[in-house]
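Examining the three-dimensional arrangement
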Amino acid sequence: MHVNAYAASSATSPLELTTIERRPVGPADVLIDIAYAGICHSDIHTIRGEWGEVPYPLTVGHEIVGTVAEVGADVTKYSVGDRVGVGCMVNSCRECENCRAGEEQYCLNGNIGTYGAVDRDGTVTQGGYSQKIVVDQDFVLRVPESIPYEKAAPLLCAGITTYSPLNHWNAGPGKKVAVVGLGGLGHMAVKIAHAMGAEVTVLSQTLSKKDDGLAMGADHYYATKDDETFTTLKNHFDLIVNTVSAPLELKKYLGLLTLNGTMVNVGAPPEPLPIQVFTLFTNRRSFAGSSIGGIRETQEMLDFCAEKGIAPEVEVISAEQINEAYERVLNSDVRYRFVIDAATFA
């Protein structure tokens, strides 16, 4: 099966219209007609070779929503016409301790990413900047009807990437949560933490997005370019979720944590982040990382967002605007997630 897609042939080349091959629908597979695909900063890091070797040509995209077009003979979870989504992984070993615990994202044998990974048939996975995708039913999510279709795609990465640490570290009533950065990930973290009942503070370089942040549910908004911020908020937060993919002066941010507080990174800068260990000794602070969620938790997140009326802020673009959108993401010129209309791949 050959379908239209946008792919890059090198780290420096633009994404261009091409065709890619999708495997035949197997017994446990679901064929999805893609409706929308979100643009994640991870797509840009990957395409530009910033996270390691890339199997070019590559089609990226791991925020995918669409409609079931065909199901394999053994599929029981989905039917033709269902609204579904695909996130950052399309398979795992399913046998290791982590997979059995429903934490497939931490598969000890390595989960199979939606793009740029070696699939079970030996081919390289290709992502959602395309017309169709074939995925095992166990790695397909059900998208609730109440979530607007064009806004649902970013939940499959930005949504779960922020929901998972907020859920794990028990954000909720009585907890003070800071979100570093109000971008694609950060604005979802604010909405979700607020819906969980936490007291939410945005820490952004400037106050330029303050009105947006407060409208999304933040209780407080501070500029990190102002040194007074780090004095005012010293020893204050139970949890800090860092969503930015750039180096930070970690000592200053860790100093904002209260007793037993945790700073968790979900943004992934290519550069190493230096930590002064003595900063962790004070207040018995922790510095952690968090990936996406497992399939069970991702479905839980989708249902939570549907219940609470949460959806990303998106700008829908055509396929021809992808390269321009990449530059705008790098210049922080998007509020707050680009979503590609897959009809324009035709």
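Residues numbered from 1 in each chain as written. Predicted model: local features only at pLDDT ≥ 70, side-chain atom pairs only at ≥ 80, totals over all residues. Heavy atoms only, no water.

Moving on to helix H10 (residues 295-308). Between the first and last C-alpha of H10 there are 20 Å, a value that for 14 residues agrees with the 20 Å anticipated at 1.5 Å per step. Those residues of H10 not exposed but buried are Ile-295, Glu-297, Thr-298, Gln-299, Met-301, Leu-302, Phe-304 and Cys-305. Of the residues one or two after H10, Gly-309 is the one with positive phi, at around 70 degrees. (Helix = DSSP H or I, 4+ residues; strand = E, 2+ residues; numbered from the N terminus. Expected span 1.5 Å × (residues − 1). Buried < 20%, exposed > 50% of the residue type's maximum accessible area, 1.4 Å probe, protein only.)

What follows concerns the packing of helix H4 (residues 158-168) against helix H5 (residues 184-196). Put simply, H4 and H5 touch, their axes get as near as 8 Å, and they point 45 degrees apart. With respect to H5, the axis of H4 lies oblique. For H4 against H5, the interelement crossing comes out right-handed. Counted together, Ala-158, Gly-159, Thr-161, Thr-162, Tyr-163, Leu-166 and Asn-167 of H4 and Gly-184, Leu-185, Met-188, Ala-189, Ile-192, Ala-193 and Met-196 of H5 form the full contact between these two elements. Residues that form the contact of H4 with H5 fall into these classes: nine nonpolar, five polar and no charged. (Axes fitted to C-alpha atoms, helices over the stretch in contact; angles between N-to-C directions. Parallel < 35°, antiparallel > 145°, perpendicular 65-115°, else oblique. Left-handed = near helix turned anticlockwise from the far one by under 90°. Contact = heavy atoms within 4.5 Å. Nonpolar A, V, L, I, M, F, W, Y, C, P; charged D, E, K, R; others polar.)

Take a nonpolar patch on the surface next. Residues Val-277, Phe-278 and Phe-281 make up a contiguous nonpolar surface patch of about 370 Å² in total accessible area. Relative to the assigned elements, Val-277 resides in helix H9 (residues 277-281). (Patch = residues over 30% accessible without salt bridge, like charges linked within 9 Å, V, L, I, M, F, W, Y side chains within 5 Å. Areas by Shrake-Rupley, 256 points an atom, 1.4 Å probe, with all protein chains shown as cover. Salt bridge = Lys/Arg side-chain N within 4 Å of Asp/Glu carboxyl O.)

Glancing now at the packing of aromatic side chains. Within this structure, the stated rule accounts for five aromatic pairs. Pairing Tyr-6 with Phe-345 gives two aromatic rings, centres 5.9 Å apart and planes at 45 degrees, and the pair type is tilted. Here Tyr-6, found in strand E1 (residues 2-7), pairs with Phe-345, found in the segment after strand E17 (337-341); they are 339 residues apart in sequence, far enough to count as distant. Accessibility expressed as a relative area gives 9% for Tyr-6, which makes it buried. Residue class for Phe-345 comes out buried when judged on its relative accessible area of 0%. Relative to Phe-304, the ring of Tyr-163 lies with its centre 5.6 Å away and its plane at 55 degrees, an arrangement referred to as tilted. Taken together, the residues span a long stretch of sequence, with Tyr-163 in helix H4 and Phe-304 in helix H10 at a distance of 141 residues. Note on Tyr-163: relative accessible area 4%, which makes it buried. Exposure remark for Phe-304: the relative accessible area of 14% places this residue in the buried category. (Phe/Tyr/Trp six-rings, centres within 6.5 Å; stacked < 30°, edge-to-face > 60°.)

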